[in-house]
Structures are given as structure tokens and as C-alpha cells.
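Geometric and topological summary
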Number of protein chains: 4
Amino acid sequence: MNRDLSYFARDLQELASDPDLIRWLTVLPGQLEKFMLENEHGDFGRWFKHLDKIARYRSSHRNFSSYVEIGRDDEISEGQKKDLANSLMQYAPWRKGPYRLFGIELESEWRSDKKWDRLINNIAPLKGRRILDIGCGNGYHLWRMLNEGAAQVCGIDPCTNYFFQFAAIRTMIENISGIHFFPLALQDLPDSRMFDTVFSMGVIYHQKSPIEHLEKIRKLLVPGGQMVLETLFVTGDSSTVLTPEDRYARMGNIWFIPSIDALSLWLRKTGFRDIKVHNTAVTDSSEQHATGWSCTESLDDFLDPENPKLTVEGYEAPQRVIITAVSP
Amino acid sequence: MNRDLSYFARDLQELASDPDLIRWLTVLPGQLEKFMLENEHGDFGRWFKHLDKIARYRSSHRNFSSYVEIGRDDEISEGQKKDLANSLMQYAPWRKGPYRLFGIELESEWRSDKKWDRLINNIAPLKGRRILDIGCGNGYHLWRMLNEGAAQVCGIDPCTNYFFQFAAIRTMIENISGIHFFPLALQDLPDSRMFDTVFSMGVIYHQKSPIEHLEKIRKLLVPGGQMVLETLFVTGDSSTVLTPEDRYARMGNIWFIPSIDALSLWLRKTGFRDIKVHNTAVTDSSEQHATGWSCTESLDDFLDPENPKLTVEGYEAPQRVIITAVSP
Amino acid sequence: MNRDLSYFARDLQELASDPDLIRWLTVLPGQLEKFMLENEHGDFGRWFKHLDKIARYRSSHRNFSSYVEIGRDDEISEGQKKDLANSLMQYAPWRKGPYRLFGIELESEWRSDKKWDRLINNIAPLKGRRILDIGCGNGYHLWRMLNEGAAQVCGIDPCTNYFFQFAAIRTMIENISGIHFFPLALQDLPDSRMFDTVFSMGVIYHQKSPIEHLEKIRKLLVPGGQMVLETLFVTGDSSTVLTPEDRYARMGNIWFIPSIDALSLWLRKTGFRDIKVHNTAVTDSSEQHATGWSCTESLDDFLDPENPKLTVEGYEAPQRVIITAVSP
Amino acid sequence: MNRDLSYFARDLQELASDPDLIRWLTVLPGQLEKFMLENEHGDFGRWFKHLDKIARYRSSHRNFSSYVEIGRDDEISEGQKKDLANSLMQYAPWRKGPYRLFGIELESEWRSDKKWDRLINNIAPLKGRRILDIGCGNGYHLWRMLNEGAAQVCGIDPCTNYFFQFAAIRTMIENISGIHFFPLALQDLPDSRMFDTVFSMGVIYHQKSPIEHLEKIRKLLVPGGQMVLETLFVTGDSSTVLTPEDRYARMGNIWFIPSIDALSLWLRKTGFRDIKVHNTAVTDSSEQHATGWSCTESLDDFLDPENPKLTVEGYEAPQRVIITAVSP
């Protein structure tokens, strides 16, 4: 597989074909080349070799309606499955899923389909839309978006192992288009009104500057475009914002967890309108738990064993909310 | 007066002479030239002409111990005073003071000496220190810092009329050195540990990203250097942060007003230590009020006429706190 | 017609599809957007309107073997021809040709086919090659290159009216691909070995730095790639280089006209090998003369009327040579 | 000695004090910091240690009227002389001189005083002028310029060992100002009319683009400022320019050696006026020869032993000319 810019050849062609997305090309190819050059050393070579191996298993069978399923159980032998599973495991941990690949059940730490089920009926239909998913992880939701008939689905996430997880999945599908993963951070995108829907799920509480996160999203949306914001929240009024002293539910790098009222206020103040709170949920262990593919501690370890309403650090246990808002 | 980079000749010489500040020259002269070029048109020409006029009134008499006083009442005639006052008025509104210039009482909206009196005994002595004052306005406090024996005092503020107010004051003093005003924003400074003390007074609640404001200050302080943070605060616990829907006490551009506990948490989280809360105060009209030199509405108009414990918008009336913290 | 980056959508897609040319995308889209933005005002709007008009005349008939011929005489009416000719005339002067468009004889100042005939049998066959033509004018030779079976033909020329002349020609052809005009200068290209053949015709004597011109071309050629260099030369040995005091044959902006030996030496010194001198010719008025479409004085005026061996300035009359050389 | 930007503290202060040179600060400090950072490793550390040693020998005695002489023979002991000579030898080869340092005769390959004697009476008096010397080597001529009463003398040369040679000389002098060496190339300077006289000696034939070299100098000169151009030339008319196939008199990196007529034409064409040819000379071995301090082969080896009118490569033996020209 090409380890230079031509790895992204098909992606760039598709962006060039789209009158709204073509402006992204003024900065994107240079960033992608830099990503490839900066990672020439280290694990990159080995990871690309496994990608070459994975690319030998390719199928026209696909189903993205719940599991992201590619290939049938009987399309490859048991020995081939072992080989494929071994290559896929190189990119562990697999946090987002579930995937079923030639019958292999790739069980991830998160059952991301549960989050999807909570939101899909609450957002503007994705059919025909250009979509950005910020912090998309390995891209599980990108496949669900494509399944809804989106015109172009673009995920960004700076983590290198997510880049390879996505690449592995995509390379197994024959004739696939309309779906892209770029190893970028949000600020790498140009200020251009390119997207009809932008997803920010599980991202805003990791931002040092949530206000600038929201403003950047507003600048990326076409007029009337929709943001789908999924986040942790805390109980409280419009002046309540939790900043954990250190970790929160064992997660590092958390800066601001607002109440729903505080978050709504931020949205109004950054210029969004039609702000709607759709759904709140407490994460339980059916949605998040350690698996052989994720290889890490998971939810059970994050809560106070004596009081599951608290995190191990003594904060309110995680609650999550989905909010939609419209860019003027 | 020179309207190109040589206006700043003396400032640049002094920075070049200081082993800690010299690194600023890697970016500063280019930024200053840009400021001069971008402002070639508009009021700039007229304002520089008045600066030339003001420069004719120069005295060796100075006293910065309470009023910033330059020249004596009897050094110039009444006609000259009128002429000088007229030129100074061109740069109105004068928000920070008070100044006494050749006997002219230049009464500003704020009695900034009151804030100074509250803080001076609570901070590390300024003698021999390199100091940065972020959002320094017309620079009133810079003179107070110089009076304490600071080695170099640098104020930054992007407002053009403050640039001229400071320039007017400085040009009236014979043989003055060690005090500088640069028309910059905080992010314009290079990440270099240049200062012994950094003041951030009345600035943090105007930041979209207060966390990054604090981190930038930490990066500008030498190890063991002190930040002096003065800000509005609200009553509450470590999860209380007020974001006003629109204006707060008639001020626009307010993003986050934290409680003292929340602010202390931010400081710990951005790496500061030795965090001390020194003083809280309610601003009253002896400290802030409209004057003939400030030409605007002032404090009396900002509070609810029926309940002075509330702002006109119904928020808690302004309270201010001084906190010091040390960079590791 | 789109007046933003999407005007170049098809071009960018084709470059993205080519493993050798894709690297150009790291800089090209930003340059093209800048070109479009900088020209928003002035004649640009009017010229794009005429392009929209011209785009109504589209044909599948094409023949690039001598005249660049598009459409047949009887495909459009006399009134339409008048309309089309009027729009084409907006982009005058037409220096390079000849073109025959729906029967309209577009006679250019130069019979560029004559130059082509002199060189085509002396260069490596163009079939399957990626080609760059530096200073391509309105792109007449690009069509001849495409006709030889080139894989991708790219012309660059910074002149805005050539951009429109090429755009007008291309828009009249149904389903055309593999041919591109970018409004750039040579130094705008990244140092990347992208091309199999690079043409520099009538360009090197306009360079202030012919050495750097040659070095840049060498860096753009794949190993073993061929440069086709066509230029004026003067009689003399390897130390003979004419720098005209002012104009030469009425042309301004002439810096160095070398002898063939001096030029060969430059080629060796800049790293080329297999240097071959193919053809020398004296330009006569059958090749260059004023026409109704070029609207300017032409060759007849450039020579001394009493001695056609001299230019009007008294220099040797123009002689031209074709040299090929290979990049190691 | 400081190995960061503060090594240049005094230089930057002096530039900041000069209304014409201050603009240089918009780019210079960043370039100097980069030079210091890029050279942190390798020989730099060792060379700076020797500079610290050399700095112990400091004198107020100086005489720049022929030899560049610093200190008297009897100011330091024989042991100290050995120590000093050893440190100076670290920066060998010493190509330009001669220097006499505390009685040590530092004999360089070139007797640069001979070139100086040929030109000093032919150029505009240097008294009170701001001067740039391009490719100044270790700066021998800078001292001669200072001796003529120049206001500010700036030399540039990208070679690291020349930087240390100059630094060594300057650090031995008490209270020296007005003389600067910056490790830069000509293109690093901003296009700003900063200098009254620019010297380009022994440099233009090393340029790939002599035209752009001349244009850059013209842009650096104040209106009416003088360029002093010293160069090799060849016999011939205005169309004679020698490009050596490989080396010329054993020198590599030679691109264009013009005749005097050709060079004069280039000067007119790049906008200079008052072009005067002052002096031509054949270099002989009294001016250039190998010494114990230069450690390399020298002139005797560069000429054809059987015919001293030819170089070893068979070209005309080196002749040099001094030309002055004025910037409009």
C-alpha cells in the first residue's frame, strides 16, 4: 500500500469533485503529506505491512445497519481468519465498534451502536449530506452515517492507530466511496462553510477552549447546517461547570464538564440557534466494558465500588446528553 | 515624531540590553512595524501630530507615588495648559488614572490607584524585576511599577488610543527609561521565560479561553516567577462559573467569571503553585465613575437602581479578587 | 462558469489520480484559489461571462493534427459564428495558433505549428508521458502534445488572458481530459520529480537567472526525463552571451541570449546529459506576422528594413535552436 | 561567552539606535537565533570555549591603518602568546588578513591590504557612512572601513569559521563599537534602503544569478548610495562571459565571469548609474600565497606552470577589476 500522499488519492479525487468540499484541498494535501513524512519511522512500516496483508481479504458483502459487517463467515478459511485477526490485533486497542469481519466478532470496549440508536431519530436525516465527525475514533459511526445515505462522510482523529483501524476496515470492502478518514485535529480545517452536519461526540470536555471548539464548528457548517453534540454533563444550573482537579472516571485531559443549562448558554453565545436537548443517559456496563480487543480497564473500574452514583474520584457518575443546534 | 519602527528605537535598545528580554526581538520588531504600517491611514496621522505638540511640554519633575504626576503647575502658562489639555483630550476616553500633568488634573473613569493600594502589599516586591502587564490600558500601573524599582516594565494592550495615551505621558518626561508599551495581544509574545512578574488585571473574564490565558502566562514567567491575577468573581463553589447570556454590568465580551474556588482549581490545573487569595472588594463609585475625560457612562449605571447587589442584567454585583500564584 | 476553485475541479481530480502528479496538490489548490481571489475585480467578471457564452458552442468533433480544430463549419449558424468570434476576440491578442473553431479561422501572430514541425521528430515520443510546458501561452502546443498520446499535459503561464484563451478552447470540446492550464510561474511548482518531458520554449532568454531556470527543470524531471529547450541564440563560442542594452527585436525583458556552445555548457554545468542540438532556424514572416486576431506589430517591424540580418536595434537577427537534454 | 541571541546584544542595540538600520530588526534577530540553535552541536561548543580563552587577552591598543593590530608585543608573556595563538589556530584557515595581535603575526593566505590600497582612493569617502560588506570573510576590510570613520560597518558571510575569526578579533578590543558581523547570506536581508555604501568583493562570480545579486544591492542602497564591486573579469566585448566548465584557477562554484564591458552593461540594465572602472590588476604571489595560518594550497598552484598567463585549467589567468556605481 502506498505510504505517501497517493494513499489518499481516492479521497482527494472525491473532495475535488464536490463543489463544497473542494476548498479543503487548499490545505489538506500538505497536511496529509506531513503526516506521512513524520511517521516514516517507528511502527508505521510494520503497520502498513499488516495493511497489505489485510487488503488480501476483500469482499463485496457489506452491511452497516448495526454491526459493521464485511464479508461472510464462509468466504475465508479458519487459517485465514486467524491471520486476519492477528493483523487486526496489531492496531489494538479497539475502543469503538462492534465490527463483524468475515465472521470474526471484533468486540470493542464501547458498544457505539447504542449511542447511535439514541441519536439517529433525533437528528436531521443524513441523506445526501456532507458530514464531518470530529474525533471519530476508528470511524465506526462513519459507516452508520454512510448507511443513512450521506453524500460524503469525513472523519478526523489525530490518533495514528485509529487511522490504521479505519484503513483496515475500508480496504476489505470492494468499490467503496464517500467515506474518508483524515488524521487531523479540528483546527487543521480551513474556515469554510463545507458541511451540512457536524458531529462532536465525546470531544468537547477534552477541549481547553470549548467556546472556540463551538465557534469553529459553526464556521464549518453551511447556513442552516446542524451540529450534533454529544457530551458528558453534570447536574446543575447555567453557572455549573465541573473542572476535575485531576482525572474524572479515570479519564485524563478533561477540562470542562458543563451542566445542560450551561452548555445551552454556550451554544447561544457562540451563535447557534434551534438548540434542542434530545436525550440523556447514564452509561452502564452493557455499553462500555473491557474486551479482549480493547485490552484495557473499562467502566466497571471507573465507578466507586461502594456507590455507583460516584466516580472513583468522588465526582457524579458519568451522564451523557445529545444536543442538536443549527448554524445561522 | 517618527511614525515608523524608529518610534520604538529606545524600547528595542533596552530589550536588546537585557539578557532575558532580548529573545523578544525575534518577533517584536516585525509586529511593531506591521502596527505602524496598518495604521498609516485614518486617525493615526492626526494623533501623531498631537503627540508632536505634547512633546513640546517636557519636564524633569515627576512623582509616581499616587497620582502619576509630571511637571509643575507653574512650569507652563494657562494658555499652554489649554493647548496641552486639548491635545490630551484627542485620545479620550481616559479610563485609567489619575494623572496630574503640569497641574492639569486628568481625571479618569477609574481610580486605578485604589486597586494598586489593595495589591501592592500582597505581592512579591517589584524591585529589580522584569514585569509584564497584560491589557495594561493607558499604562497607569506601569508607572507605579517603575516607582517600585522594577528593572524593566512592559505593558501590552492592542487598543490604539491607549498606545497614544501612554506615548503622550512618556514623551513629557525627560530622560525616562525602563518603561514600555507595545500595541500587542498576549498571544503575540513568544513562548519564552522572560518575566519575573506578570500582571493580568481585569482581563481573564474577557478571554474565550481562560485556561490558555493562564498557560501562556506560566510559559512567560521565569521559574519561581509570580503572576498577579485580578479579576471579577462570583459567589460559589469549585463548580461555579458564570457565563453571562449577553452583557454583564453593561460590559460586552465577557465569557467566564469563575468563583474563587473554581479559579484556584484552574490555577492548580495549569501548573501554578503557592496560590494565595489576597483581597476581595466590591467596586463602588468612589473607584469607578464617569468624568469629563472618560466621556462615557460608568458604574452608577451598571447596577440595578433598586437593588445595588445586582447588575442591571440581574447578575450578582461585581466583586473583584486579587490572587497571586507562582510558576514552577 | 464557476469563478472559484471548483473551476479547476476536473484538473485537480486528474492530478489526484496520478501517482506522480498527486504531490503537486500540496501547493497547487492554494495557489489557484489565490489567483481566483486576486482577480475577482477588474476584467475577470466580464471575461468569465464571455466564457459562459462560448461554453454554449460545444462539439465532439476535434482534430489536433495541424490546426487545432474544434467543431465543423456547419454545426452553427453565421450569426452564432459572429457571436462566438466576438467573445473570442475579448481575449485578444491571440499570439499562438492556428485554431479553426466551427469553421472560424482564428489566425494568430505566430504559426506555432511550424515550430512544432521542426521539433516533433527530434524528441522522445510523447505517448504515455506526463508533460509540462513552461510559458505555454494560450496552450496551442498542449493540444499537439495531447494528440501525440501524452498521458497528462500541463501548461503554465502567468498571463491572465492566456488563461481565458485556453479555457475558451477547452470548454468547446465535449469530454476532454488529460490537458490542463494553470496560471502559475515556474517557481510556483514544488521540487518534485513529476514529469517525463518538460518543454521550455521561448522562455529562457526572459529569465534573470537562466541557470536557476535549468536547475528547476532538472528537479521537475523524473530520472531519465527529457527537457526540450527552444530558444533564441547568437553566433559565437562558449564565452558568448548577448545581453541587450534595452530591447532586442522590439522585445523587452530579455536578459541573456547565449550562443549554442554557451548554452550547452550551462546544460552540462546544471547536470544535464545527452545534450543534443537538433535544429536551427531563422524566423521569417511566414512564421510570425501581424493578424486581425493579434492586433499588434509583428516580425516585419522587428528587423532593420535596410539589412534583414540585423534587428532594428542593430543586433544579429533572431535565430532559434531546439536542444534536448536528459535529467540524470 | 553567551551562546544565544545575547551574544549579539551590543550589535542589536546599535542597529536599534540607527534610524536607517532599525528596520533590519524586523528579520535579523530571528535569523541570528536560528544560527545559534542550528549550531548548538558539533564544533560550536569547542569554538566558543576558545573564544572565552581569547577574551582574556584584551587591550585598548589598536591600529587599523594597515595591519589590523591589537595589543602590544609586551602586554602578554610568551606563554600567553602561545596559548592565544593556539586558540586562534582553531579557527583556521585564515584566508584574509594580515593581523598583528599582541605581537603575533597572523599571516593569512591573502594580503587583503593590497586590495584595499587599490580601491580606497577610488571610492566615495566612508566617513559617517553606513556600510555593508557582502561576503566579508573574517572581516579584515571591516576594520579598514571603521578606520576611515564609517558610522556603522556591517559584514555578512555565512561561513561559521569566519564568524569565530571575527569574534576572536573583536573580543580582544576594549570598548569597540560600530562594527558587526552577521552569519547571513545576502538574500537574508530585507529589501530596505539601509546602506550608504555596499561592497561586493570577490563574490559576484560565485552567484548563479549575478543580475539578482546586483538588483538586491541596488535595493539595499539609499538613493545616491555607492556600490563598490570587485571581481574577476575576462578579456572581451559586451557579449563575453566566461562560464568555466568545472573549476577556474582551482576554485569551484564559479558561474559567470564577465568582461568589463559585459559587467558594465549588467550594471546599466539593473538600474545603476555613474558606473566607473577604476583599476585592473593581475593577482600575483605577493598578494596571495599559502601560509602556516591558511594551511591550503594557494596561487602558485593555480596557474599553468609552463604558462603563467593561463590557469591550470587553460583559462585566462585571473585579472581583477574595481568598479563603482551609484543607485538612483
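Above this text sits the structure in question.
Position labels on residues start from 1 in each chain and follow its written sequence. Lettering of chains starts at A and numbering of ligands starts at 1, both following the order in which they are written. Where totals are concerned, whole chains, interfaces and linings use all residues; where local detail is concerned, this predicted model gives features only for residues with pLDDT of at least 70, and gives and counts side-chain atom pairs only at 80 or more. Here the side-chain values reflect all heavy atoms present in the structure, with hydrogen atoms and water set aside.

1. Details of the side chain of B:Thr26
For B:Thr26, the location among the structural elements is in the loop between helix 1 (9-16) and helix 2 (28-38). A polar atom in the side chain of B:Thr26 sits 2.7 Å from the backbone oxygen of B:Arg23. Not counting chain neighbours up to four residues away, the residues in contact with B:Thr26 comprise D:Leu5, D:Pro29, D:Gly30 and D:Glu33. Secondary structure elements follow DSSP: runs of H or I no shorter than four residues count as helices, runs of E no shorter than two count as strands, and numbering proceeds from the N terminus. Any pair of N or O atoms that falls within 3.5 Å is considered a polar contact. Within protein, one atom must be able to donate a hydrogen and the other to accept it, and sequence-neighbouring residues count only if both atoms are side-chain atoms. Any two residues having at least one pair of non-hydrogen atoms within 4.5 Å are treated as being in contact.

2. Here we look at the pairing of strand 10 (residues 195-201) of chain D
Residue and element names in this part refer to chain D. In terms of residue burial, strand 10 counts as a mostly covered element, since 7 of its 7 residues are buried. Pairing analysis gives 4 bridges linking strand 7 (residues 130-134) to strand 10, with the strands arranged parallel. Counted as the bridge partner of Asp133 is Phe199 from strand 10. In short, DSSP must find at least two bridges between two strands for them to pair. Relative to strand 11 (residues 221-233), strand 10 is paired through 6 bridges, and the arrangement is parallel. Note on strand 11: the bridge partner recorded for Thr197 is Gln226. Viewed with both strands pointing away, a crossover whose connecting path from the first strand over the helix to the second turns clockwise is right-handed. Between the parallel elements strand 10 and strand 11, the chain passes through helix 8 (residues 210-220) in a crossover that is right-handed. Accessible area is worked out with a 1.4 Å probe on protein chains only. A residue is then buried under 20% of its type maximum, exposed over 50%, and partly exposed in between.

3. A few points about the interface of chain C and chain D
Taken residue by residue, the interface counts 22 residues in chain C and 22 residues in chain D. Reported buried area values correspond to the accessible surface (1.4 Å probe) lost by two parts on association, with both partners' losses combined. Counting the surface lost from both chain C and chain D, the interface buries some 2,000 Å², and carbon and sulfur atoms represent 57% of this. Salt bridges are identified by distance alone: a Lys or Arg side-chain nitrogen within 4 Å of an Asp or Glu carboxyl oxygen. Where chain C packs against chain D, one counts 4 salt bridges. C:Glu245 is paired through a salt bridge with D:Arg268; the nearest N and O atoms lie 2.5 Å apart. Looking at the side of chain C that touches chain D, the elements that each hand over two or more residues are helix 8 (210-220), strand 12 (241-242) and helix 9 (260-269) of chain C.

4. Focus: the nonpolar core
Among the nonpolar cores identified, the biggest contains 394 residues, and B:Trp24 and D:Trp24 are the most heavily contacted of them. Not counting the four nearest positions on each side in its chain, D:Trp24 is found in contact with D:Leu15, D:Pro29, D:Leu132, D:Cys154, D:Ile156, D:Phe182, D:Leu184, D:Leu189, D:Pro190, D:Met194 and D:Phe195. The definition of a nonpolar core used throughout is a set of buried Ala, Val, Leu, Ile, Met, Phe, Trp, Tyr and Cys residues joined through side-chain atoms within 4.5 Å.

5. A look at the packing of aromatic side chains
Residues and elements named next belong to chain B. Centres within 6.5 Å make a pair out of two Phe, Tyr or Trp rings, where for Trp the six-membered ring is used; the pair is then stacked when the planes are under 30 degrees apart, edge-to-face when over 60, and tilted otherwise. Inspection of every chain in the model, using the stated rule, returns 112 aromatic pairs over all chains. Geometrically, the ring pair formed by Phe163 and Phe181 is tilted, given 6.1 Å between the ring centres and 55 degrees between the ring planes. One end of the pair, Phe163, is in helix 7 (residues 160-171); the other, Phe181, is in strand 9 (residues 179-182), with 18 residues separating them in the sequence. By the burial criterion, Phe163 is buried, and Phe181 matches it. Comment: the charge-over-ring label is applied if NZ (Lys) or CZ (Arg) is within 6 Å of the ring centre and within 35 degrees of the ring normal. Positioned above the aromatic ring of Tyr67, the side-chain terminus of Arg100 is 4.0 Å from the ring centre.

6. As for the arrangement of the chains
Over all C-alpha pairs, chain B and chain C never come within contact, reaching a minimum spacing of 20 Å. You won't find any contact between chain A and chain D; their C-alpha atoms come no closer than 20 Å.

7. Here we look at the sheet that holds strand 9 (residues 179-182) of chain C
Residue and element names in this part refer to chain C. Judged by pairing direction, the sheet is mixed, and its 7 strands sit side by side in the order 9-8-7-10-11-17-14 without closing on themselves. Edge positions in the sheet fall to strand 9 and strand 14 (273-282), since each of these pairs with one other strand and no more. Taken pair by pair, the neighbouring strands of this sheet meet at an average axis angle of 15 degrees, ignoring direction. For helices, the axis comes from a line fit to the C-alpha atoms of the stretch in contact; other axes are also lines fit to C-alpha atoms, and the angle between any two N-to-C directions lies between 0 and 180 degrees. On the sheet, helix 9 packs against strand 11 (221-233), strand 14 and strand 17 (319-326) and is oriented at approximately 155 degrees with respect to strand 14.

8. Quick word on the relation of the copies chain C and chain A
Rotating chain C by 180 degrees about the axis while translating it 0.0 Å along that axis superimposes it on chain A, leaving an RMSD of 0.0 Å. Read as a symmetry element, the transformation amounts to a two-fold axis. Considering only C-alpha atoms, the residue of chain C closest to the rotation axis is C:Gln13, which sits at 2.3 Å. Here the copies are matched by least squares. The fit uses the C-alpha atoms of residues with pLDDT of at least 70 in both.

9. Notes on the relation of the copies chain C and chain D
Superposing chain C onto chain D takes a rotation of 180 degrees plus a shift of 0.0 Å along the axis, which leaves an RMSD of 0.0 Å. By residue overlap, the copies meet face to face through one surface: 100% of the interface positions of chain C are interface positions in chain D.

10. Side note on the interface of chain C and chain A
Taken together, the 15 residues of chain C in the interface contact 15 residues of chain A. Between chain C and chain A, a total of about 1,300 Å² is buried, with carbon and sulfur atoms accounting for 69% of that surface. Summed over the shared surface of chain C and chain A, the number is 2 salt bridges. C:Glu33 is the partner of A:Arg23 in a salt bridge, and the nearest nitrogen-oxygen pair spans 2.4 Å. Looking at the side of chain C that touches chain A, the elements that each hand over two or more residues are helix 1 (9-16) and helix 2 (28-38) of chain C.

11. Digging into the environment of D:Phe163
Note on D:Phe163: relative accessible area 1%, which makes it buried. Distance in space between the C-alpha atoms of D:Phe163 and D:Ile322 is 26 Å, their sequence separation being 159 residues.

12. Examining the pattern of salt bridges
Going through the model one piece at a time under the given rule, you end up with 84 salt bridges over all chains. For C:Asp11, the salt bridge is made with C:Arg170, and the minimal N-O distance between the two is 2.8 Å. Of the two residues, C:Asp11 sits in helix 1 while C:Arg170 sits in helix 7 (residues 160-171), which places them 159 residues apart along the sequence. C:Arg170 matches C:Asp11 in its accessibility class, with the two residues each being buried. The shortest N-O distance in the salt bridge between D:Glu230 and D:Arg320 comes to 2.7 Å. Of this pair, D:Glu230 sits in strand 11 while D:Arg320 sits in strand 17 (residues 319-326), and the two are 90 residues apart along the sequence. Given a relative accessible area of 1%, D:Glu230 falls into the buried group. Taken together, the salt bridges that share partners define one network made up of A:Asp18, A:Asp20, A:Arg130 and A:Asp196.

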